[in-house]
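Each chain, written out:
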Amino acid sequence: MITLYGFGPAFGLPDPSPFVMKIEVLLRMADVPYRRERGAPPQAPKGKVPWIADGDAVVADSTFIRRHLETVHGAAFDAGLSGEQKALAWSIERMLEDHLYWALLSSRWLDDANFAKGPAHFFDGAPDGVREAARERTRGYVHGQGLGRHRPDEQTYLARRDLESLSAVLGTSPYLFGDAPCGTDATAFAMLAGILTPFFASPLRECAESFVNLRAYSSRMMARYYPDFLSAAA
Ligand SMILES: N[C@@H](CCC(=O)N[C@@H](CS)C(=O)NCC(=O)O)C(=O)O
């Protein structure tokens with residue numbers, strides 16, 4: 001059976017990492033049995049979560065885990081999509097994972113109140129200085145990626161462009177490409193749920209909340225893939 005390593009439920013979410021949630025949704029979409037285990041970046045093969053163990057295979061990074069599910073377990077996440085839709089799906093995934101994600105990270109780690117309420121607790125019980133060192137490392141990542149060089153309002157502008165695009169692609173459909181979810185729905189949902197969680201207040205969350213179809217979509221995906229999480233939280 002596959003073991004999925006991630007942080008475990010936090011911040012009103014099945015996992016604080018949208019990449020872990022993406023994989024959990026893909027596992028559920030493909031109906032592949034799995035169990036969850038707590039694992040943190042220092043233990044991860046590539047220094048980031050998620051990773052999986054599947055027999056002798058250890059696979060890190062959500063894109064490669066997805067490929068593993070497709071090649072080894074026969075998952076066909078994009079079976080219903082045309083070539084053009086598949087290309088658009090990949091572009092959306094890259095926009096969300098390599099652009100919008102940084103705004104999510106910035107809103108949690110670099111805002112003082114959100115940091116104190118959320119990520120700071122990852123280090124409860126750790127020796128003095130570890131918490132601040134991790135925060136400074138994250139600040140460096142966001143600066144290195146580029147988003148951290150912009151003013152907060154400019155960061156929100158960039159995130160808004162992503163959310164506007166996602167909202168336009170979704171339109172009035174239940175899922176990104178029509179009546180059935182595809183692989184990229186796992187990414188889109190995970191990223192939106194991470195932004196929309198009421199646990200954090202941020203201009204980014206306010207911006208996402210202004211897209212009525214994205215809010216409804218996130219709730220629809222949560223109800224479809226996480227009924228267990230919703231009933232445990234009720
Ligand atoms: N490209 C990776 C990104 C995973 C990622 O950024 N994970 C974050 C948590 S959301 C992480 O482990 N960060 C730790 C670090 O960068 O030190 C994937 O798709 O799995």
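For the structure itself, consult the block above.
Remember, predicted model here, so these are calculated numbers, not experimental data. (Residues numbered from 1 in each chain as written. Predicted model: local features only at pLDDT ≥ 70, side-chain atom pairs only at ≥ 80, totals over all residues.)

### Overview of the overall build of the protein
When helices and strands are counted, the protein shows ten helices and four strands. Each helix (α) and strand (β) of the protein, taken in turn from the N terminus, gives the series β-α-β-β-β-α-α-α-α-α-α-α-α-α. A compact globule built from 234 residues should have a C-alpha radius of gyration of about 17 Å, and the protein, at 17 Å, falls within 12% of that. With the C-alpha coordinates aligned to their principal axes, the bounding extent of the protein is approximately 50 × 40 × 35 Å. (Helix = DSSP H or I, 4+ residues; strand = E, 2+ residues; numbered from the N terminus. Rg over C-alpha atoms; globule rule 2.2 N^0.38 Å.)

### Digging into the site of the ligand
Around the ligand sit Ser 17, Phe 19, Pro 41, Gly 47, Lys 48, Val 49, Pro 50, Asp 61, Ser 62, Thr 63 and Glu 97, and those are all the residues in its vicinity. Residues belonging to the shell around the ligand are distributed by class as follows: four nonpolar, four polar and three charged. (Near = placed C-beta within 6 Å. Nonpolar A, V, L, I, M, F, W, Y, C, P; charged D, E, K, R; others polar.)

### Things to note about the nonpolar core
With 54 residues, the main nonpolar core has Ala 188, Phe 189, Met 191, Leu 192, Ala 193, Ala 208 and Leu 214 as its most contacted residues. Ranked by the residues each element gives to this core, the list is headed by helix α7 (residues 183–196), at nine residues. Each of domain 1 (2–73) and domain 2 (83–233) contributes no fewer than three residues to this core. Filtering out sequence-adjacent residues up to four positions away, Phe 189 remains in contact with Val 25, Ser 218 and Met 221. (Core = buried A, V, L, I, M, F, W, Y, C linked by C-beta atoms within 7 Å. Buried ≥ 20, exposed ≤ 12 C-beta atoms within 10 Å, placed from the backbone. Domains from an automatic or database assignment. Contact = placed C-beta atoms within 7 Å.)

### As for the sheet that holds strand β2 (residues 34–38)
Strand order in the open sheet made by the four strands is β2-β1-β3-β4, with mixed pairing throughout. Single-partner strands in this sheet number two, and they are β2 and β4 (57–60). Put simply, the sheet's adjacent strands are angled 20° from each other on average, direction ignored. Where strand β1 (residues 2–6) lies against β2, five bridges are found, and the strand directions are parallel. (Pairing = 2+ DSSP bridges. Axes fitted to C-alpha atoms, helices over the stretch in contact; angles between N-to-C directions.)

### Looking at the packing of helix α3 (residues 83–109) against α7
α7 packs onto α3 with a crossing angle of 20° between their chain directions and a minimal axis gap of 9 Å. Between α3 and α7, the crossing angle belongs to the class labelled roughly parallel. In terms of crossing hand, the pair formed by α3 and α7 is left-handed. Contacts between α3 and α7 involve Ala 89, Ile 92, Glu 93, Leu 96, Glu 97, Leu 100, Tyr 101 and Leu 104 on the former and, on the latter, Gly 183, Thr 184, Thr 187, Ala 188, Met 191, Gly 194 and Ile 195. Looking at the contact of α3 with α7, its residues break down into nine nonpolar, four polar and two charged. (Parallel < 35°, antiparallel > 145°, perpendicular 65-115°, else oblique. Left-handed = near helix turned anticlockwise from the far one by under 90°.)

### Brief notes about α7
In this model, α7 (14 residues) spans 20 Å end to end at C-alpha, consistent with the 20 Å of a helix rising 1.5 Å per residue. The buried count for α7 comes to 14 of 14 residues, which makes it a mostly enclosed element. (Expected span 1.5 Å × (residues − 1).)

### Points about the pairing of strand β3 (residues 51–54)
Bridge analysis of β1 against β3 gives three bridges, and the strand direction is antiparallel. Paired with Thr 3 across the bridge in β3 is Ala 53. Taken together, the four bridges between β3 and β4 define a ladder with antiparallel strand orientation. In the sheet register, Ala 53 faces β4, and the bridge partner there is Val 58. Linking β3 to β4, which pair antiparallel, is a turn of two residues; within it Gly 55 sits at a positive phi near 65°.

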